[in-house]
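# Topology and contacts: notes
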Amino acid sequence: MSEDINVPSTENFYNNTVLSLPLANWSGSPDLPMSAVNALETGKVIFLPNLSFSLSREELQLLDPAIVDPKRKNISYQPLKKRIAGVATKEHESAISALLERHHQACLQLIKAIFPEYQQTLHTPTNSLRLHPVAQWTNNTSWRKDDRRLHVDAFPSRPNYGERILRIFTNINPGTENRSWRVGETFPTLAQKFLPRLKSYSPFLSKLQNSVGITKSLRSHYDHLMLQLHDAMKADADYQKNGPQIAIEFPPGSSWACFSDGTPHAAMGGQFMLEQTFLLPVNAMQDPKHAPLKILESLMNKPLI
Ligand SMILES: [Fe+2]
């Protein structure tokens, strides 16, 4: 479904979708023009074209898809628990843990530099080392898991009750391969478009899903709508092809960040990436009205959690 997608690269759409910052190191620079929080909260991708994450010669040896557990998509690391998951071979675990710990520390520095407003409130960090080529994992997956389709992130088994999903990405491809994304329209227009066709919420079904272990806690009305939205976007071939969107290329040695629950995105190509996820309470936002929770509540005219 990739060759005939209509991706207009208009300058206006790009400027409304991307904020580029000239940062070249993770602890920031004194001449940074602004905090990026407002742009982030209104759905922009913060692009850091000069922010690379250097790997040692030994770490470069870890860029091998054979190191990932075949049952997992990625290797993930929980820095607060020092817990690593998804490594196929025991002998690589400590080197990968050290790499992801160093990456996590760099991301904390970056938060301090460009999103200082969130320093005290971001929580539950998890980062991942993504070694498979995008083309490979999407060929083997169902449409619902196909992240080449535009979507907003929603966790099927871990309801998050409106908390924001902040993600920081770095292309660590040792060659020249870009990470290629498509990025879509803003959340308010997206939600208005899709809300009328989302299935209604059943508290009974949520309780049932929780009791049999499909979810780790009760799926709220909000979480139900976000999952429905994720699925409805991916299932809509016309929206995928003709919906408002631009293509963005992230070259090796660049980083970028967005609220992935509010910024429609699709990964179209690339291999070797580091990613850091944090959660942020809605009330810790500079302007909570930009949260998908608040936007959906205002469109539905009722509380959703
Ligand atoms: Fe995603």
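Whatever comes next refers back to the structure up there.
Let me sum up the structure you'll find in this document. Since we're looking at a predicted model, the values are computed, not measured.

Scoring rules and cut-offs
Residues numbered from 1 in each chain as written. Predicted model: local features only at pLDDT ≥ 70, side-chain atom pairs only at ≥ 80, totals over all residues. Heavy atoms only, no water. Helix = DSSP H or I, 4+ residues; strand = E, 2+ residues; numbered from the N terminus. Rg over C-alpha atoms; globule rule 2.2 N^0.38 Å. Buried < 20%, exposed > 50% of the residue type's maximum accessible area, 1.4 Å probe, protein only. Areas by Shrake-Rupley, 256 points an atom, 1.4 Å probe, with all protein chains shown as cover. Lys, Arg positive; Asp, Glu negative; His and termini not counted. Charge placed at Lys NZ, Arg CZ, Asp CG, Glu CD. Pairing = 2+ DSSP bridges. Axes fitted to C-alpha atoms, helices over the stretch in contact; angles between N-to-C directions. Donors = N, O, S within 2.8 Å, 3.2 Å for Na, K, Ca; no water. Parallel < 35°, antiparallel > 145°, perpendicular 65-115°, else oblique. Contact = heavy atoms within 4.5 Å. Nonpolar A, V, L, I, M, F, W, Y, C, P; charged D, E, K, R; others polar. Core = buried A, V, L, I, M, F, W, Y, C linked by side-chain atoms within 4.5 Å.

When its secondary structure is counted, the protein shows 10 helices and 11 strands. In terms of C-alpha radius of gyration, the protein reaches 19 Å, essentially the compact-globule figure of 19 Å for 305 residues. A principal-axis box enclosing the C-alpha atoms of the protein has dimensions of 55 × 45 × 45 Å. Each of the 305 residues in the protein was classed as buried or not, and the buried ones make up 52%. Total accessible area on the protein stands at roughly 14,000 Å², and carbon and sulfur atoms take up 52% of it. Between the mean site of the 32 positive side-chain charges and the mean site of the 28 negative ones, the protein shows a separation of 7 Å.

Quick look at the sheet that holds strand β10 (residues 265-269) now. If you walk across this open sheet you meet the 3 strands as β8-β7-β10, and the pairing is antiparallel. The sheet is open, and its two borders are formed by β8 (245-250) and β10, each paired with just one other strand. Sheet twist, expressed as the average angle between the axes of neighbouring strands with direction ignored, equals 25 degrees. Pairing of strand β7 (residues 179-184) with β8 involves 6 bridges; the strand directions are antiparallel.

Taken together, His151 (NE2), Asp153 (OD) and His265 (NE2) make up the full set of protein donors to the iron ion, lying 2.1 to 2.2 Å away. As a motif over one chain, the donors of the iron ion read H-x1-D-x111-H. In this structure, His151 and Asp153 share a single accessibility class: buried.

Further remarks concern the packing of helix α8 (residues 221-235) against helix α10 (residues 292-300). Orientation of α8 relative to α10, taken along the N-to-C sense of each, is 95 degrees, at an axis distance of 11 Å. Here α8 lies roughly perpendicular to α10, going by the angle between them. Across the interface between the two elements, His221, Tyr222, Leu225 and Met226 from α8 touch Pro292, Leu293, Leu296 and Met300 from α10. Of the residues in the contact of α8 with α10, the class split is 7 nonpolar, 1 polar and no charged.

A few words on the nonpolar core. Ile46, Ile75 and Phe115 are the most contacted members of the largest nonpolar core, which has 70 residues in total. Per-element accounting of this core gives the leading share, 8 residues, to helix α4 (residues 93-114). Residues Val18, Trp181, Ile246 and Ala267 belong to the second largest nonpolar core, which totals 14 residues.

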